[in-house]
Amino acid sequence: KQRYNEPIIQLKATKIIHDKEKEIVEYKNAYFEFSGQPFFYLPYFSHPSPTVKRKSGFLTPSYFRNVYLGDTFVIPYYYVIDDHHDITLKPRFHTHRNPLLFIQHRKNFFNGEIKNELSNTYSKTGNHQELLGHIESYGKFELKNNTNLRYQIYRTTDRHFLHAYKLNYEDVLESKINIEKFNNNNYYSFSSYNFQDLRPLVNNKETPVIFPRVNINLNSDFKYNSFNNSSDIEVLNLQREDGVKMQKLFFSHTLKYPLLSKEGSIYEIGAHLNTGIYKINNYDNPISGIFKEDYYKYKFFPQVTFQFSKPLYKQTRKSKQILE
């Protein structure tokens, strides 16, 4: 009786050669076993040495089938450019459609990274040929002086392309760029957004474009028995070809005066102001039914607050208790 059960999947061969110079492991008369039973034979098989972190070469092919594409074969090839840079080519061959080239690209930098995906094919209808494809690019970088940059580009040539070719389909493709900066207690952000809606009943001319959106958060150093200030500012411009457009200016300021007593009680008096100004173009009021080409709206909300806090503390041999 065997002491141990056979592995679920294992590889055996009559001869195994580990070439350390070429950094490759070669198998002769190799066969795969499933629970101790051979099920696939190869006269020759090889793979990179375990000492190799990344090596160029063909990856495992794949196959799938559907009505639109027919039989689809994917033969990926991985190419190492350097220690921080590589490309994966994934040509796809369809029996019912033209071949498609799919590329994945990755690169690491000292202060960031980028990842890209590209696809391209031709669709022929009668005498008409149409170029189809998509791009998805993502990057993030840490710049000088506590400044970060992030971007994303996600676009396709056709509303049905990603779904028809079984790629990473999403209802809405989002492209954006964001630059943010941290400076002591303060935060600054500049961003922009663009959307491509792939849903069949949505008019892309009504899809919004946001450029720019500015966020600023300013804070003084927190001190007891002194005034503390905090401000939030937001500027936003939302545009679209058809439909409602909007510009927004929002300002919020908080002034607090915390008092710390000798016995640990905290008394805090606060004054708060929230105000917003909105300009809306092409506004069709759903209640009154009146259309306004230019419509302005103001919000003004002041507040005064008082807060009292007193922590009660008790310590025993087994526990500490704090009630606030």
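Right, let's walk through the structure included here. This structure is a prediction, so every number in the text was calculated from the model and none was measured.

Thresholds, definitions, all that
Residues numbered from 1 in each chain as written. Predicted model: local features only at pLDDT ≥ 70, side-chain atom pairs only at ≥ 80, totals over all residues. Heavy atoms only, no water. Helix = DSSP H or I, 4+ residues; strand = E, 2+ residues; numbered from the N terminus. Rg over C-alpha atoms; globule rule 2.2 N^0.38 Å. Buried < 20%, exposed > 50% of the residue type's maximum accessible area, 1.4 Å probe, protein only. Contact = heavy atoms within 4.5 Å. Lys, Arg positive; Asp, Glu negative; His and termini not counted. Charge placed at Lys NZ, Arg CZ, Asp CG, Glu CD. Pairing = 2+ DSSP bridges. Axes fitted to C-alpha atoms, helices over the stretch in contact; angles between N-to-C directions. Patch = residues over 30% accessible without salt bridge, like charges linked within 9 Å, V, L, I, M, F, W, Y side chains within 5 Å. Areas by Shrake-Rupley, 256 points an atom, 1.4 Å probe, with all protein chains shown as cover. Salt bridge = Lys/Arg side-chain N within 4 Å of Asp/Glu carboxyl O.

Some thoughts on the overall build of the protein
So, step 1. Within the protein one finds one helix and 22 strands.
So, step 2. For a compact globule of 324 residues, the expected C-alpha radius of gyration is about 20 Å, and the protein comes in at 31 Å, more than 25% above that figure.
So, step 3. C-alpha extents for the protein along the principal axes are approximately 85 × 75 × 40 Å.
So, step 4. Taken across its 324 residues, the protein has 26% of its residues classed as buried.
So, step 5. Long-range contacts, defined here as pairs at least 24 residues apart, represent 40% of the contacts in the protein between residues at least 6 apart.
So, step 6. The average position of the 44 basic charges and that of the 33 acidic charges among the side chains of the protein differ by 6 Å.

Focus on the sheet that holds strand S3 (residues 37-48)
So, step 1. Ordered in space as S1-S2-S3, the three strands form an open sheet in which the pairing is antiparallel. Edge positions in the sheet fall to strand S1 (9-19) and S3, since each has one partner strand and no second. Averaged over all pairs of adjacent strands, the angle between their axes in this sheet comes to 15°, without regard to strand direction.

Thoughts on a nonpolar patch on the surface
So, step 1. Taken together, the side chains of Ile8, Ile9, Phe34, Phe39 and Phe40 present a nonpolar region at the surface, about 560 Å² in accessible area.
So, step 2. Mapped onto the elements, phenylalanine 40 comes out in strand S3.
So, step 3. Residue classification places phenylalanine 40 among the partly exposed residues on the basis of a relative accessible area of 43%.

A closer look at the pattern of salt bridges
So, step 1. Taken as a whole, this structure holds 11 salt bridges when the rule is applied.
So, step 2. Close ionic contact of glutamate 180 with arginine 150 constitutes a salt bridge, the shortest N to O distance being 3.1 Å. Residue glutamate 180 is located in strand S14 (residues 172-183), and its partner arginine 150 is located in strand S13 (residues 147-156); the two are separated by 30 residues in the primary sequence.
So, step 3. As a salt-bridge pair, glutamate 174 and lysine 176 come within 3.5 Å of each other at their nearest N and O atoms.
So, step 4. The partly exposed category is assigned to lysine 176, whose relative accessible area is 36%.
So, step 5. Residues joined in a network through salt bridges with shared partners are Arg54, Asp86 and Arg106.

Describing unusual backbone geometry
So, step 1. In this model, phenylalanine 211 is joined to proline 212 through a cis peptide bond whose omega is -5°.
So, step 2. Along the chain, proline 212 falls in strand S16 (residues 209-219).
So, step 3. For asparagine 145, which is not glycine, the phi torsion reads 60° and is therefore positive.
So, step 4. By secondary structure assignment, the location of asparagine 145 is in the loop between strand S12 (128-143) and S13.
So, step 5. The backbone of asparagine 282 shows a phi angle near 60°, a positive value even though the residue is not glycine.
So, step 6. If you trace the backbone, asparagine 282 turns up in strand S19 (residues 266-284).
So, step 7. Residue asparagine 282 is classed as partly exposed on the basis of its relative accessible area of 29%.

Looking at the sheet that holds strand S9 (residues 92-94)
So, step 1. If you trace the three strands from one edge of the open sheet to the other, you get S5-S6-S9, paired in antiparallel fashion. For this open sheet the edge positions go to strand S5 (62-66) and S9, each flanked by a neighbour on one side alone. Between one strand axis and the next, the sheet turns by 20° as a mean value, whatever way the strands run.
So, step 2. In this sheet, S9 lies alongside strand S6 (residues 70-74) in antiparallel orientation, the contact comprising three bridges. Looking at S9, one finds that phenylalanine 73 is bridged to phenylalanine 93.

As far as function goes, none of this settles anything; it's purely spatial.
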